[in-house]
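Letter by letter, the chains look like this.
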Amino acid sequence: MDVIHLLPDSVANQIAAGEVIQRPASCLKELVENAIDAGAQSIQVLLQDAGSTLLQVIDDGKGMSETDVRMAFERHATSKIREASDLFSLHTMGFRGEALASIAAVARVEVISRREEDELGTCLMIEGSRVLSQEPVAAPVGTSMKVKDLFFNVPARRRFLKKEATELRNLIADFQRIVLVYPHIQFLLVNNDEILLDLPVQSTAQRIEKLFGSSQKKSLAAQLVEVNAKTELVNISGYVGKPEAATKAPQQYMFVNGRYMKHPYFHKAVMNAYQGMLTADHNPSYFIYFDINPNDIDVNIHPTKTEIKFADEPYIWQILSAAVRQSLGKFHVVPSLDFEQPTDVEIPQIPTDLSQVRTPQVPIDKTYNPFNSHSSYRPSFPSTKGWEQLYTKELEKEQPEQVVVEQPITQPALFEDITLVKPYQHKEKYIVLSGVQGLMIIDQHRAHVSIQYHYFCDLMRAHKGVKQQLLFPEIIDLSTDEVSTLLAVQDDLRNAGFELTQISKQSFSIDAIPAELSGQSAMQSLVNILHTIMEENISTQAQRNQAIALALAEDSAIRTGKVLSEMEMKDLAQHLFALTEYTFTPDGKRILTVLENDEIEKRLK
Ligand code: ADP
Ligand code: MG
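Residues numbered from 1 in each chain as written. Chains lettered and ligands numbered in written order. Predicted model: local features only at pLDDT ≥ 70, side-chain atom pairs only at ≥ 80, totals over all residues. Heavy atoms only, no water.

1. Some remarks on the confidence of the model for the protein chain
In the predicted model, the protein chain carries a mean pLDDT of 78, and the fraction of residues at 70 or more is 78%. Per-element confidence in the protein chain is highest for strand E2 (residues 54-59), whose mean pLDDT is 98, and lowest for helix H10 (residues 387-396), whose mean pLDDT is 32. Within the model, pLDDT remains below 50 along residues 333-416, and this stretch shows 151 contacts once partners closer than five positions in the same chain are excluded. (pLDDT = per-residue confidence, 0-100. Helix = DSSP H or I, 4+ residues; strand = E, 2+ residues; numbered from the N terminus. Contact = heavy atoms within 4.5 Å.)

2. Considerations on unusual backbone geometry
The phi dihedral of Ala50 is positive, around 50°, even though this residue is not glycine. Along the polypeptide, Ala50 turns up in the loop between strand E1 (42-48) and E2. For Phe151, which is not glycine, the phi torsion reads 65° and is therefore positive.

3. Some details on the packing of aromatic side chains
Tallied over the full model, the rule gives 14 aromatic pairs. Ring centres of Phe255 and Tyr289 lie 4.8 Å apart, and the angle between their planes is 20°; on these two criteria the pair is classed as stacked. Highlighted residues: Phe255 in strand E11 (residues 252-256) and Tyr289 in strand E13 (residues 286-292), separated in sequence by 34 residues. Each member of the pair, Phe255 as well as Tyr289, is classed as buried. Between Tyr265 and Trp317, the aromatic rings sit 6.2 Å apart at their centres with planes inclined by 45°, giving tilted as the arrangement. Pair noted here: Tyr265 is in helix H8 (residues 264-273) and Trp317 is in helix H9 (residues 313-331), with a separation of 52 residues, a long-range link. Its relative accessible area of 32% is what places Tyr265 among the partly exposed residues. Under the relative-accessibility criterion, Trp317 is labelled buried at 9%. Following the ring pairs from residue to residue traces out a cluster consisting of Phe212, Tyr253, Phe255, Tyr260, Phe287 and Tyr289. In this arrangement the basic side chain of Arg108 is found over the ring face of Phe152, its NZ or CZ atom lying 4.1 Å from the centre. (Phe/Tyr/Trp six-rings, centres within 6.5 Å; stacked < 30°, edge-to-face > 60°. Buried < 20%, exposed > 50% of the residue type's maximum accessible area, 1.4 Å probe, protein only. Lys NZ or Arg CZ within 6 Å of the ring centre and 35° of its normal.)

4. A look at the sheet that holds strand E12 (residues 259-261)
The strand order across the open sheet built from five strands is E9-E10-E13-E11-E12, with neighbouring strands paired in mixed fashion. Of all strands in the sheet, those bounded by a partner on one side alone are strand E9 (224-230) and E12. Here the average twist between neighbouring strands, direction ignored, is 20°. As paired strands, E9 and strand E10 (residues 234-241) are joined by seven bridges and run antiparallel to one another. Counterpart to Leu224 in the pairing with E10 is Gly241. (Pairing = 2+ DSSP bridges. Axes fitted to C-alpha atoms, helices over the stretch in contact; angles between N-to-C directions.)

Right under this line is the structure:
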């Protein structure tokens, strides 16, 4: 007699659920990831009793058709991959098609979903894998997934749940790992009618600040420096904590292609960059995002595992460590207001017509430059063509050697704690900083233009413009010339956060604008951008991006006439000095000048 038989679906689903859905936090993760994959701009999570009674995720994503709502709960039903090879070009969080089947096997689920093109939505009730009902309902576009009484039919597992406070802590931790990757999506997290997190559309730095800033005395953002390394193999971006902000309980996060990961080996690469800068048991916070070809990582990871395997780990180790070192080094390049031992410093790329103007001088403390001890560093990153050989070569070495990722630091370095300086605002236009050798005067608007310019350049390069959807799209009528220019730069504008739809030959609707702009200025910015590109006869992609970044920077920068708090002035100065070029704006306007003591004395004789 044959003894092997197939398990009924409901039993198979329950077994799968044991793997995929271990606790409310894993259920939440799957539902929120689905909402993100559905293109939601706004996601609300409503919990009762830390998810054990109710866990509801409401999104404004693309919704599902009547058939798809039903299909979604079948095992291995997914809209995200079709064949095995798709696994190597994944751009969604989900792909296994297991989550909803698993959730429905161990809970009472109520879904309401509607697509934009459908007049009515669908409401489906499913309980322990059994469909109870399916009917049309009126509903907003998007999906609401209600998961009630998780593990109602698996008492052993239900008993396994920890105290509400513990489950809630897990939920929040998992939630944070997701929202840190999607600052351009709005999130709300509520438990038993108490709002735990209310996150607007914001930048990554703002989101970090919002999540972790309040527990710190100082603004967290002020304690972080930006990390950026772009190579053909991998792009690394994010923030790392300044050494003196290290704590016993640091926030440490790494993500690859939008997924949270734990990577002890890369963790060491980061720690390596801090060598000699930390005191015992104090560690830095970091938020590091890897962007890599999905081909070069093992995506077929278990849904609840956070370890991810990379193809070129030793090589990435070096890029990462060098990038962090470089950022920490840059941070030390803050021009000192202690002009005690003046030495001439090269400031890169000063426009020629302004070259006579003296630049501030800073004393040099070579010991602060982490690269100084390595005389053999390469001036730029080696071409990644033929990196395979490099990889094997590097493998032979015991200790990874230093690699400089972008430009080497040519500037001497000195760290002066700008937070100790008391800034003063003059005529609601200038920030005045007093130093031993004189007064530094900074134009607040121009300083902010430069900062914003680099911010927009980065966003556009990463295709990560932060959008704000307009409730009432603006209609803009353009000339034929303007239309053809707009069509040529449409992709670049999208990268910056604009969403435009052509509605007739010469008119467009502006559906979304960069989050940093106000609705009014966005129209004007758009027209300015088009005119700059037309007038300056800009043709290359790089020039186009620069023109767009500059126009957006001009329009989003703080204005002359804006009163700044001491905190804001310090923050501005600090961000300014983190730029490689802080003396002139990208379009060659002077940002700061120093009135030296000698000069002051001469005039007052
Ligand atoms: P996976 O995410 O791995 O594809 P799931 O079981 O999580 O598998 O979801 C199955 C399918 O249901 C998805 O591929 C998607 O097409 C659809 N789906 C799930 N949640 C949503 C949602 N919030 N909005 C739109 N479609 C969804
Ligand atoms: Mg999924």
